[in-house]
Amino acid sequence: MTASASSSSQPPSRRIAEELRAAIEAGRLAPGDKLPSERALAQQYGAARNTAREAIRILSEAGLVTARHGSGVFVRESQRLFRFGSDRYARANRETGLTPFRLEARRQGKEARIDVVAVTREHPPRDIAERLGVAADEESVLHRENHYFADDEPVQIVSTYLRWDEADGTPLTQPRTGKDGIYGRLEDLGHVMTRVRDEITARMPTPAEAAVLGLPSGVPVIEVLHTSLDQEGEPFEVSRYVHRADLTGLLYELAVE
């Protein structure tokens, strides 16, 4: 890296960020490498320290680097945790004894952790009420919220909604639902998943989501609104997955009819 980029018409912080990005993409700065300090970058490029700080912020928002308190700024691992949309609910996968997330993490060499944050009876959001066919103005759903981690890094928030009149009095109202998780208990109630509908959008996070996921400023989320349909074509479970866009991806392999 050199200071020759100062002849560019770009703002100084952007020029520094682009040179660092080029070094990361070319492998001159590898995953885990520590970036020079703000002071060192400022001296190298003949810029103010605030300019160097802004350059690092640009790289952080692009998901290329991460700051570790008291240690410095490091190049982020490029590998993302992928959600396998095509087979994540297959019975063969369930027979492994692992939930879809734990299986996906294991396939990709990551350690999974799932924190059960809340299990409550609630009024459903309107989009959930529409898909489950329940009243939005009543406490008509059971809401289960889980936070998911890969290698202790938060990667997604999952809010699952079930009809209260079905879940009431079952293990579904407990943090731990037993073998095969919620889908095993829903099969006990007569709902065998035969189809799924995933609605995928990208958006900026809410402040609460950004806090839970530890999102740098400017990093979006991927939202997957998942609906499970049973053997009668009836929707029986809706989950909202909010993924860190810089750490996760979606992989769908679908047959063409």
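Predicted model only: the values in this text are computed from it and were never measured. (Residues numbered from 1 in each chain as written. Predicted model: local features only at pLDDT ≥ 70, side-chain atom pairs only at ≥ 80, totals over all residues. Heavy atoms only, no water.)

1. Some thoughts on the overall build of the chain
Right, so step 1: Helix and strand counts for the chain stand at 9 helices and 10 strands.
Right, so step 2: Along the longest, intermediate and shortest principal axes, the C-alpha atoms of the chain span 70 × 40 × 40 Å.
Right, so step 3: A total of 257 residues make up the chain; the buried ones form 44% of that total.
Right, so step 4: The long-range fraction of contacts in the chain, counting pairs at least 24 apart against all pairs at least 6 apart in sequence, stands at 59%.
Right, so step 5: Put simply, the chain shows about 13,300 Å² of open surface, and 49% of that area lies on carbon and sulfur atoms.
Right, so step 6: Counting 34 positive and 40 negative side-chain charges, the chain places the centres of these two groups 7 Å from one another. (Helix = DSSP H or I, 4+ residues; strand = E, 2+ residues; numbered from the N terminus. Buried < 20%, exposed > 50% of the residue type's maximum accessible area, 1.4 Å probe, protein only. Contact = heavy atoms within 4.5 Å. Areas by Shrake-Rupley, 256 points an atom, 1.4 Å probe, with all protein chains shown as cover. Lys, Arg positive; Asp, Glu negative; His and termini not counted. Charge placed at Lys NZ, Arg CZ, Asp CG, Glu CD.)

2. Some details on the pattern of salt bridges
Right, so step 1: Summed over all chains, the structure comprises 23 salt bridges.
Right, so step 2: The salt bridge partner of Glu38 is Arg53, with a shortest N-O separation of 3.0 Å. You can see Glu38 sitting in helix H2 (residues 38-45) and its partner Arg53 sitting in helix H3 (residues 49-61), a full 15 residues away along the chain.
Right, so step 3: Measuring nitrogen to oxygen at the nearest pair gives 3.4 Å for the salt bridge that ties Lys179 to Asp180.
Right, so step 4: The structure contains a network of salt bridges with shared partners spanning Asp127, Arg203, Glu209, Glu223 and Arg240. (Salt bridge = Lys/Arg side-chain N within 4 Å of Asp/Glu carboxyl O.)

3. A short note on the pairing of strand E6 (residues 153-163)
Right, so step 1: Burial analysis of E6 places 10 of its 11 residues in the buried class, which makes it a mostly covered element.
Right, so step 2: Examined bridge by bridge, strand E5 (residues 141-150) and E6 share 10 bridges and lie antiparallel to one another. What sits directly across from Arg144, in E6, is Thr160.
Right, so step 3: Hairpin connection between E5 and E6: a loop of 2 residues separates the two successive antiparallel strands, and Asp151 in this loop has a positive phi of roughly 55°.
Right, so step 4: One ladder, built from 6 bridges, connects E6 with strand E9 (residues 235-244); its direction is antiparallel. Note that in E9 the partner of Ile157 across the bridge is Val242. (Pairing = 2+ DSSP bridges.)

4. Structural notes on the environment of Val238
Right, so step 1: Looking at the secondary structure, you find Val238 in strand E9.
Right, so step 2: A residue is classified by how much of its surface remains accessible, and Val238, at 0% relative accessible area, is buried.
Right, so step 3: Sequence-distant contacts of Val238, defined by excluding residues within four places in its chain, comprise Ile128, Arg131, Leu132, Ser159, Thr160, Tyr161, Leu225, His226 and Thr227.

5. As for the environment of Asp127
Right, so step 1: Along the chain, Asp127 falls in helix H6 (residues 126-132).
Right, so step 2: Asp127 sits in the partly exposed class, given a relative accessible area of 24%.
Right, so step 3: With 111 residues separating them in the primary sequence, Asp127 and Val238 have C-alpha atoms 9.8 Å apart.
Right, so step 4: Residue contacts for Asp127: discarding those within four places in its chain leaves Leu225 and Arg240.

6. Some thoughts on a nonpolar patch on the surface
Right, so step 1: Taken together, Ile200, Tyr252 and Leu254 make up a surface patch of nonpolar side chains, about 290 Å² in accessible area.
Right, so step 2: Structurally, Tyr252 is set in the segment after strand E10 (248-251).
Right, so step 3: We classify Tyr252 as partly exposed; its relative accessible area is 30%. (Patch = residues over 30% accessible without salt bridge, like charges linked within 9 Å, V, L, I, M, F, W, Y side chains within 5 Å.)

7. Thoughts on the pairing of strand E1 (residues 65-68)
Right, so step 1: When E1 meets strand E2 (residues 72-75), the two strands line up antiparallel, connected through 4 bridges. Along E2, the bridge assignment pairs Ala67 with Val73.

8. Quick word on the packing of aromatic side chains
Right, so step 1: This structure, assessed with the given rule, holds 2 aromatic pairs.
Right, so step 2: Considering the side-chain rings of Phe101 and Tyr148, the 4.7 Å spacing of their centres and the 80° angle between planes classify their relative orientation as edge-to-face. In this pair, Phe101 sits in helix H5 (residues 100-107) while Tyr148 sits in strand E5, placing the two residues 47 residues apart along the sequence.
Right, so step 3: On the basis of relative accessibility, which here comes to 11%, the residue Tyr148 falls in the buried class.
Right, so step 4: When the ring centre of Phe74 is taken as reference, the NZ or CZ atom of Arg68 above it lies at 4.1 Å. (Phe/Tyr/Trp six-rings, centres within 6.5 Å; stacked < 30°, edge-to-face > 60°. Lys NZ or Arg CZ within 6 Å of the ring centre and 35° of its normal.)

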